[in-house]
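Summary of the model geometry
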Amino acid sequence: MKSFFKYSVTLVSTLLFSASLYAHHSAAQFDFRNTVLVEGKVMEARFANPHMRLVLEVTDDARGTRDIEFEGHSRNNMRRQGLMPDMFTVGDTVTIRIAPMRNGNDGGYVTALRTPDGEEIGRVTGAD
Amino acid sequence: MLKKVPQFQVSTCLGLIVSILFFSIPVSAADKPDFSGSWTTYRGNGGAGAFAAPPGEIKLTAEAMKARQDFISVTEGTNHGAGNSCVGYGMPASVLGSGGYPMELIQRPEQLFSIYEAHNEIRRIYIGDEAEDPSTFFPERNGYSRAHWEGDRLIVETSRLKTQVDSRYPHSNQATIREEYYFDTPLEDGTRVLAAELTMIDPLWLEEPFVTTKRWQELSDYHVMTYECSEPLWLDEMEQLYKDAGLEMVQE
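If you're wondering where the values come from, they're calculated on a predicted model, not measured in any experiment.

**What about the overall build of chain A?**
Along chain A, the regular secondary structure elements total two helices and seven strands. In chain A, the order of α-helices and β-strands from amino to carboxyl end is β-α-β-β-β-α-β-β-β. Split into buried and exposed, the 128 residues of chain A put 38% on the buried side. Long-range pairs, those at least 24 residues apart, make up 61% of the contacts in chain A between residues at least 6 apart in sequence.

Printed below as a string of structure tokens:
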């Protein structure tokens, strides 16, 4: 089965660390140094404050098919970064970049949306 | 029997009264700087640092460190946090950071409104005679703020704070905070720069006063947004009620 996970290491600026100091909660559980791409079908997308909630149906070799819940920026900051609700329509397949959970569990913090032409919309830094 | 008052005495007295009235009236608020506007953390002339915390080291007493450590031990690595519960930062974190979100100031002669976008957090800073006795108000995360002008600087004194272990600037309910607002040197392109020198003293939780300076630069033609936060909690509650009743919820 095709793996939908593609790993990439992202250099993170010091802005990341200073930003996380102001986060709404501890961002220690997310690994912003090693962001990864995840592809999945949108099951639910709630643009809310203080954080957005995104549920994708994801399939990979290791754990099969399941729904995974992700967290993201506040809807205020998502709008500022150009991330709007119509980019996460239920039923659509999307690719997102996330800071994965440090403990290896499913989930993570959405930092950007990758468009079909490879552009990434969002801010790959830290939690807000 | 009435005595006739010499004319020159009447005019002298009237002059004195007018002079006293004139000089006892506070300087017109119109003569004071107007801090109204939308502001973001100072980045200088093109530099980074939107989220950079202002300099200054906070030195906690042993009692404070124990309280802070207890808080960290139950929240670190979890989703638990004041912000996640839609609770504002509270002073001094609200003025010093507020999540890196922008701030809007609205100034009236008798009151300055600080509106921090994150959590729609609002401070009301009462100027001059508008201020009342803080001890008659309930303690709050942002306390009670009184202000007066010293030249072109607005001096803000905040008390009636609640004890906060969930702040990056922990303090007890004995803390008081002094802010001094003024316009700093503008950027090269003329963008206005606002500064606030801040001193927090706390006889219980701070070994020494915490002193720092926060700077902002103006955001022209900028919308500070509203920040609805608690609605999702209510929608979840509603959804469960409808589900339990076997009904379809139509509200989004």
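**Considerations on the overall build of chain B**
When you go through chain B residue by residue, the secondary structure sums to four helices and nine strands. Helices and strands appear in chain B in the N-to-C order α-β-α-α-β-β-β-β-β-β-β-β-α. Within the span of chain B, comprising 252 residues, buried residues form 27% of the whole. Looking at chain B alone, contacts between residues at least 24 apart form 55% of all its contacts between residues at least 6 apart.

**So, the environment of A:Thr111**
Of note, A:Thr111 is situated in strand S6 (residues 108–114). When the C-alpha atoms of A:Thr111 and A:Gly122 are compared, they prove to be 6.0 Å apart, with 11 residues separating the residues in sequence.

**Focus on the nonpolar core**
Residues and elements named next belong to chain B. Counting 36 residues, the largest nonpolar core has Leu112, Ala147, Tyr169, Tyr181 and Met200 as the members making the most contacts within it. Mapped onto this core, the elements with two or more residues apiece are helix H3 (93–96), strand S2 (103–108), strand S3 (111–116), strand S4 (121–127), strand S6 (153–159), strand S7 (176–184), strand S8 (193–201) and strand S9 (210–218). When residues in this core are grouped by element, the largest group, four residues, is from S8. Not counting chain neighbours up to four residues away, the residues in contact with methionine 200 comprise Pro92, Tyr169, His171, Ala175, Ile177, Leu206, Pro209 and Phe210.

**Details of the sheet that holds S6(B)**
Residue and element names in this part refer to chain B. Around the barrel, nine strands lie side by side as S1-S2-S3-S4-S5-S6-S7-S8-S9; this closed barrel has mixed pairing. Here the average twist between neighbouring strands, direction ignored, is 30 degrees. As judged from the three bridges shared by S4 and strand S5 (residues 144–150), these two strands associate in the parallel manner. Of the residues in S5, the one forming a bridge with isoleucine 125 is serine 145.

**Thoughts on helix H2 (residues 62–75) of chain B**
Residues and elements named next belong to chain B. When the terminal C-alpha atoms of H2 are compared, their 20 Å separation across 14 residues agrees well with the 20 Å that a helix rising 1.5 Å per residue should span. Among the 14 residues of H2, one are classified as buried, and the element is accordingly described as predominantly exposed. The positive-phi residue at the C-terminal boundary of H2 is glycine 77, with phi of around 80 degrees.

**What to know about helix H4 (residues 231–245) of chain B**
Residue and element names in this part refer to chain B. With 15 residues, H4 should cover 21 Å at 1.5 Å per step; its first-to-last C-alpha distance of 21 Å lies within 8% of that length. Within H4, only zero of the 15 residues are buried, which leaves the element largely exposed. A positive backbone phi angle near 70 degrees is found at glycine 246, which sits one or two residues after H4.

Calculation criteria
Residues numbered from 1 in each chain as written. Chains lettered and ligands numbered in written order. Predicted model: local features only at pLDDT ≥ 70, side-chain atom pairs only at ≥ 80, totals over all residues. Helix = DSSP H or I, 4+ residues; strand = E, 2+ residues; numbered from the N terminus. Buried ≥ 20, exposed ≤ 12 C-beta atoms within 10 Å, placed from the backbone. Contact = placed C-beta atoms within 7 Å. Core = buried A, V, L, I, M, F, W, Y, C linked by C-beta atoms within 7 Å. Pairing = 2+ DSSP bridges. Axes fitted to C-alpha atoms, helices over the stretch in contact; angles between N-to-C directions. Expected span 1.5 Å × (residues − 1).

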